[in-house]
Amino acid sequence: QNPAQFFKLAGLKFISYWGMVRPYYSGFHNLWLMCFFYPLYLFAMAGIWGIRKKHTEFLLYIISVFIIFTLSVILTCDDWNNRFNMPVIPFVMLLAGIGISNLFQKKNSP
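Thresholds, definitions, all that
- Residues numbered from 1 in each chain as written.
- Predicted model: local features only at pLDDT ≥ 70, side-chain atom pairs only at ≥ 80, totals over all residues.
- Heavy atoms only, no water.
- Helix = DSSP H or I, 4+ residues; strand = E, 2+ residues; numbered from the N terminus.
- Buried < 20%, exposed > 50% of the residue type's maximum accessible area, 1.4 Å probe, protein only.
- Contact = heavy atoms within 4.5 Å.
- Areas by Shrake-Rupley, 256 points an atom, 1.4 Å probe, with all protein chains shown as cover.

**Regarding the overall build of the protein chain**
For the protein chain, the count of helices and strands is four helices and zero strands. Counting from the amino terminus, helix and strand elements in the protein chain follow one another as α-α-α-α. In the protein chain, which comprises 110 residues, the proportion classed as buried is 29%. Restricting the contact set of the protein chain to residue pairs at least 6 apart, pairs at least 24 apart contribute 70%. Put simply, the protein chain shows about 7,800 Å² of open surface, and 72% of that area lies on carbon and sulfur atoms.

Here's what the structure looks like:
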């Protein structure tokens, strides 16, 4: 009935889901979360870029998992982010590993 309010709250849930930082966590806890997750996301984006042409089906599978889990969080009313985030993190770590590998291969190549 209130699409504007829904989209505002959905955007906040999206940021909360992928941001992992909470105002009720200690500053050190939030800093640790940022130092762990944000570089992981950055390297995962590099991994996506690195496999976009060779492994299209695999990439579509991983991105669809991200979308399904993110939408399930956005559509829930409770703050269940950790329950939904844990199954997605292995895929993010896999993509981050590919991204790191691609970055170091390019750096070391002539």
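**Notes on unusual backbone geometry**
Positioned with a positive phi, Met20 is a non-glycine residue whose angle comes to about 65°. With respect to the element layout, Met20 can be found in the loop between helix 1 (3-19) and helix 2 (27-51). Assessed through its relative accessible area of 8%, Met20 is described here as buried.

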